[in-house]
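Here is how the chains run, residue by residue.
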Amino acid sequence: GRCRRPTEPTPAPVGTDGKKPNIIIIMADDVGTGDLPFYWKGEDTSVVDMPNLQKLAQQGVLFEDAHSTPLCAPSRYMLLSGNYPHRGKEPYGSWSLKKDGNQFKNGQKSIAQELRDAGYHTGVFGKWHVGGKVPPHGISNKTHVLTDLRHNWDLPLIQGPLDLGFHESLISICGIQSAPYNMFRNDILDFDRNDTRWWNMGSYDAERGTSIIEKEGEGDPNWDDSAYDMILVNETSDFIERHLQESSEKPFFAYVGFGAVHTPHAPPKMYIDGSQVEGRYETEHLDMLGLMDKAVGSLMETIEEKGLEKDTVIIFASDNGGLVYPEDTGHRASGPLRGAKSEIYDGGHRVPLLISQPGTFPVGKRRDQVVGLNDLYATICELVGIEKPLPPSAVDSISFASYITSGTDTDVERESLGTFNLNNKWNHALRKGKWKLVHFPHNSTMELYDMETDIGEVDDKLKNQPSKELQDMTESMCEELREIGPCPRKGTRSDFKKTCLKNGF
């Protein structure tokens, strides 16, 4: 069951003018499968109207069994690197600015670098969450990141988006959830640091709505998280407009990391077009889901207005499962799945995945085989006709490009998929066919579920005297999970050894 590298890339789909397709990845934040009202056929899981995502699904392919990690930063590294999270510098992602740079280890290339090298014009807008190094010598003061004079913000961010293959960027290091509350444009601080404001926890009247600070810290005096996703929509649209004016002979790659629907939930009063956002639903969380759909619709509209829909692959995904929600609202972010964000059960890491390119991919189809966000790297490489790089890049990425079109199960080369929850007490899981093994190393317990008949992970097959066949399979799966994880018996990295021992390995 080790991942194997595809041999030859299949012929790439092309746009109407014969060049490689444009690619947009829209990464939602904390959006579960049940947050999308159409995701679970025949089940009423969401009270939020999502006409734009519904349209995207009708114009493309919906993946019913796609997986991230249970938390944000590791999933973003997983997407951009094609690797499991622990193949980066930290076992579970680089969440903020650091002493030694971003999560990528030396020699690892991001998908943006691959596409840039293949002639793409690349841009990233929104939540970054793969780290970076404070100029000139790394972070010296985590509380006063912007104002400590040892930090020279006249210099560009080190190991930021431009160093990872993006020509253009407008990002916040941690999205909307924590300081510093500001944007970096093309790796340069996007306001005068002499104007830095200390933001206390609380709610603040802002131009677009009520901006909310959940964790105190430094930031831009004009920070307004209620406007965040609308800013990203405008920036991405401007990027596409500039691209068409200045380098239309090239394809483009845009990676958009929404703030929605991570906390704090700060819906704007109105959307860009004047339609209501705040107060449309019972809670601010639901309002933010409505905002997210509007933002997706704006990006789709930009593509359509430019006549690019047949030339553009649109990928919509989420970084992890949805949020826990009171039952009396009638909204179930995880749908029929057990668990939610941060959990090793499927509600924590089974995520919505929609892929569309009208005229190239089928429309209104569903796919039920297991794929991971890490597989998007190799899939995109195959779609645009370039080779997947050699390790240490995209080590855990297996293309499912053929499967998008064919729907034939044999076109999925992935035999198993690991999911790693390496936060606090480590736990992890392995999907292999219909079976899912969950392992808690700190107390040496395991659970086994048949995901075909027990999607809610209720009936642990190891509870009541399992057969020798099941025991043998469990042992084999657990051994495979260990070998692809952060603590393989042979070759555990020296910097992980103490943490592995602490977590029961």
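Here is what the cut-offs are and how they apply
Residues numbered from 1 in each chain as written. Predicted model: local features only at pLDDT ≥ 70, side-chain atom pairs only at ≥ 80, totals over all residues. Heavy atoms only, no water. Helix = DSSP H or I, 4+ residues; strand = E, 2+ residues; numbered from the N terminus. Buried < 20%, exposed > 50% of the residue type's maximum accessible area, 1.4 Å probe, protein only. Contact = heavy atoms within 4.5 Å. Core = buried A, V, L, I, M, F, W, Y, C linked by side-chain atoms within 4.5 Å. Disulfide = S-S within 2.5 Å.

Trainee: Hey, could you go over the environment of L36 for me, with residue numbers and the actual values?
Mentor: Residue position: L36 is located in the loop between β1 (22-28) and α1 (51-58). For L36, a relative accessible area of 0% corresponds to the buried category. Residues L36 and F239 lie 203 residues apart in sequence; the distance between their C-alpha atoms is 28 Å. Excluding anything up to four places from it in sequence, L36 contacts V31, T45, S46, M50, L53, F316 and P352.

Trainee: I'd like a description of the nonpolar core, backed by residues and values.
Mentor: I23, F63, F253, L353 and I355 are the most contacted members of the largest nonpolar core, which totals 57 residues. The element that contributes the greatest number of residues to this core is helix α7 (residues 375-384), accounting for six residues. Among all residues touching I23, those that are not within four sequence positions of it are L115, Y120, F252, F253, A254, V313, I315, I380 and V384. In this structure, W223, M292, M300 and Y325 belong to the second largest nonpolar core, which totals 54 residues.

Trainee: Describe unusual backbone geometry, and please don't skip the residues or the numbers.
Mentor: For the peptide bond that leads from A260 to V261, omega is 5°, which places it in the cis range. You can see V261 is positioned in the loop between β13 (252-257) and α5 (284-305). Put simply, P391 and P392 share a cis peptide bond, and its omega is 15°. Summarising the element assignment, P392 is placed in the loop between α7 and α8 (401-406). Within the chain, E457 stands out as a residue other than glycine whose phi angle is a positive 50°. Among the residues examined, E457 registers a relative accessible area of 1% and is labelled buried. If you check the backbone angles, Q465 has positive phi at about 40° while not being a glycine.

Trainee: Run through the state of the cysteines, naming residues and quoting values.
Mentor: All told, the structure shown has one disulfide when counted by the stated rule. For C487, the disulfide goes to C500, at an S-S distance of 1.9 Å. In this structure, the disulfide formed by C487 and C500 twists by about -90° around the S-S bond and is classed as left-handed. Linking C487 in the loop between α9 (468-484) and α10 (497-502) with C500 in helix α10, this pair joins segments that are 13 residues apart in sequence. An identical accessibility class is assigned to C487 and C500; each is buried. The thiol of C478 is not disulfide-bonded; the next cysteine sulfur, from C487, is found 12 Å away. For C478, a relative accessible area of 15% gives the class buried.

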